[in-house]
Amino acid sequence: IQKVLRPGMVLLKRYISLCEQINIVKTCQTLGVGPGGFYRPGYKDGAKLRLHMMCLGLNWDPQTRKYDKRHPIDDCEPPNIPCEFCLLVRRAIQDAHCLIKKNYIVGNVEDVLPSMSPDICIINFYTTNGRLGLHQDRDESRESLHKGLPVVSFSIGNSAEFLYGDQRDEDKAEKVVLDSGDVLIFGGESRMVFHGVPSIIPNTAPQALLAETGLRRGRLNLTFRQL
Ligand code: MD3
Ligand code: FE
């Protein structure tokens, strides 16, 4: 089940196979401990985000909202983005292009949803009480934002409610559920939408994923961007 939710916004349901999901979780587990690994970042005002985060390729600091070569806490250079991740991102954008061409009359699909090759992967881990308020992602370069280069997101583990809309108001936002294996792409006209994760739905991860990885109750989200 694949859906174009808005121009430039494509949801590929259950796109990542269970086997690929298991490999992604194992990679995150390996890279996520020790220096440069998962931590609970803070905002400018000192409040902590209700999630654990780590970065690959480059670093992003929620406190300064800046991209950097090094980690703000331990001064480490983050690990590279594994090739398998980048290949999956590329395949997802290609399949989104096919979907758009099949369903809409478009001149050049690259205008509706540009291709991108990621410089950074931000990995968020939400426990059962995790959440992320409505926000826009606009810390990338002016060129990247201007071109509408997409953010590609992978959801793995417990399902999450996901809100998106044209305003910061949760009551005016549209809601979809993101399940394990779903890929969501936001590019072109949809790049600046407000979006957030109001709640994680307990005990919804595929049993085999938990058995194979020991992933604790929670949800992993990987977002890929070109700066
Ligand atoms: C729409 N992450 O990392 S993923 C984020 O589930 C972020 O962890 C959420 O928002 C999460 O910034 C949502 C879907 C997503 C990611 C980035 C977007 C949607 C987006 C950027 C622009 C528009
Ligand atoms: Fe975001």
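As the structure is a prediction and not an experimental result, all values here were calculated from the model. (Residues numbered from 1 in each chain as written. Chains lettered and ligands numbered in written order. Predicted model: local features only at pLDDT ≥ 70, side-chain atom pairs only at ≥ 80, totals over all residues.)

**Student:** What's the story with the overall build of the protein in this structure? I'm lost.
**Tutor:** In terms of regular secondary structure, the protein is built from 5 helices and 13 strands. Its C-alpha atoms give the protein a radius of gyration of 17 Å, within 12% of the compact-globule value 17 Å for 227 residues. Principal-axis analysis of the C-alpha atoms gives the protein an extent of 50 × 40 × 40 Å. When the 227 residues of the protein are sorted by exposure, 36% land in the buried category. Counted over contacts in the protein with a minimum sequence separation of 6, partners at least 24 positions apart contribute 74%. (Helix = DSSP H or I, 4+ residues; strand = E, 2+ residues; numbered from the N terminus. Rg over C-alpha atoms; globule rule 2.2 N^0.38 Å. Buried ≥ 20, exposed ≤ 12 C-beta atoms within 10 Å, placed from the backbone. Contact = placed C-beta atoms within 7 Å.)

**Student:** How should the site of ligand 1 be read in this particular structure?
**Tutor:** Surveying the vicinity of ligand 1 reveals 14 residues, the closest of which are D137, V151, S153, F186 and N221. Listing elements by their share of the shell around ligand 1, those giving two or more residues are β6 (120–126), β8 (151–157), β11 (183–186), β12 (194–200) and β13 (219–225). A breakdown of the residues in the shell around ligand 1 according to their chemical character gives 7 nonpolar, 5 polar and 2 charged. (Near = placed C-beta within 6 Å. Nonpolar A, V, L, I, M, F, W, Y, C, P; charged D, E, K, R; others polar.)

**Student:** Would you explain the pairing of β12 in this entry?
**Tutor:** Every other side chain in a regular strand lies on the same face of the sheet, so the side chains alternate between the two faces. The pairing of strand β7 (residues 132–135) with β12 spans 2 bridges and is antiparallel. Residue pairing in the sheet places L132 in a bridge with V197 of β12. (Pairing = 2+ DSSP bridges.)

**Student:** In this structure, what is going on with the UniProt feature "binding site: Fe cation" (unreviewed entry) in the protein? I would like to understand it.
**Tutor:** Residues given the UniProt feature "binding site: Fe cation" (unreviewed entry) here are H135, D137 and H195. These residues run over 61 residues, yet every pair of their C-alpha atoms falls within 8.8 Å of each other. Relative to the assigned elements, D137 resides in the loop between β7 and α4 (142–147). Other than its neighbours up to four places away in sequence, H195 contacts L134, F162, L163 and Y164. (UniProt positions renumbered as here; feature names shortened; annotations may be inferred.)

**Student:** Mind showing me how you'd approach the sheet that holds β7 here?
**Tutor:** Backbone-to-backbone hydrogen bonds pair the strands of a sheet. The strands run either parallel or antiparallel. Spatially, 4 strands are ordered β7-β12-β9-β10 in an open sheet, and the strand pairing comes out antiparallel. Every interior strand has two partners, whereas the edge strands, β7 and β10 (174–178), have only one. Each strand axis lies, on average, 25 degrees off the axis of its neighbour in the sheet, ignoring direction. Sheet topology note: the strand β9 (residues 160–165)/β12 ladder contains 5 bridges and is antiparallel. Across the sheet, A160 pairs through a bridge with I200, a residue of β12. (Axes fitted to C-alpha atoms, helices over the stretch in contact; angles between N-to-C directions.)

**Student:** Any chance you could explain the UniProt feature "domain: Fe2OG dioxygenase" (unreviewed entry) in the protein here in plain terms?
**Tutor:** The feature "domain: Fe2OG dioxygenase" (unreviewed entry), as given by UniProt, occupies residues 117–227 in the numbering adopted here. This span, residues 117–227, is 12% helix and 42% strand, and a straight line between its end C-alpha atoms measures 9 Å.

**Student:** Hey, could you run me through the sheet that holds strand β3 (residues 52–56) in this one?
**Tutor:** Strand order across the open sheet formed by 7 strands is β1-β2-β11-β8-β13-β6-β3, with antiparallel pairing between neighbours. Sheet topology places β1 (2–6) and β3 at the edges, where each strand pairs with a single neighbour. Neighbouring strand axes in the sheet, compared pairwise and without regard to direction, differ in orientation by 15 degrees on average. Here 7 bridges tie β6 to β13, and the two strands are oriented antiparallel to one another. Considered in β13, the bridge of F125 is made with L220. Where helix α1 (residues 18–31) meets the sheet, it contacts β3, β6, β8 and β13, and its direction lies at approximately 95 degrees from that of β8. Each of β1, β2 (9–12), β6, β8, β11 and β13 touches helix α2 (residues 83–103); the most contacted strand, β2, lies at about 110 degrees to it.

**Student:** Looking at this structure, how should I read the pairing of β11?
**Tutor:** Both faces of β11 are covered, namely the face carrying V183 and I185 and the face carrying L184 and F186. When β2 meets β11, the two strands line up antiparallel, connected through 4 bridges. When the sheet's bridge partners are listed, V10 is paired in β11 with I185.

**Student:** I keep staring at the nonpolar core and nothing clicks. Help me out?
**Tutor:** One broad rule of soluble globular proteins: the nonpolar side chains tend to lie buried together. In terms of nonpolar packing, the biggest core is built from 50 residues, with A92, C121, I123, V152, V183 and I185 touching the most fellow members. It is α2 that contributes the most residues to this core, 6 residues altogether. Residue contacts for C121: discarding those within four places in its chain leaves C55, L56, G57, I81, F85, L222 and F224. (Core = buried A, V, L, I, M, F, W, Y, C linked by C-beta atoms within 7 Å.)

**Student:** What exactly am I supposed to notice about α2 here?
**Tutor:** At 3.6 residues per turn, the α-helix brings residues three or four places apart onto the same side. Taking 1.5 Å as the rise per residue, α2 with 21 residues should run 30 Å; its terminal C-alpha atoms sit 31 Å apart, in good agreement. Looking at α2, one finds that the buried residues are F85, L88, V89, A92, I93 and A96. Each buried residue of α2 sits inside an arc of 135 degrees when the element is viewed along its axis, so together they form one side. Relative to its buried face, α2 has exposed residues pointing more than 90 degrees away, namely C83, E84, L87, Q94, C98, K101 and K102. (Expected span 1.5 Å × (residues − 1). Arc of directions from axis to C-beta.)

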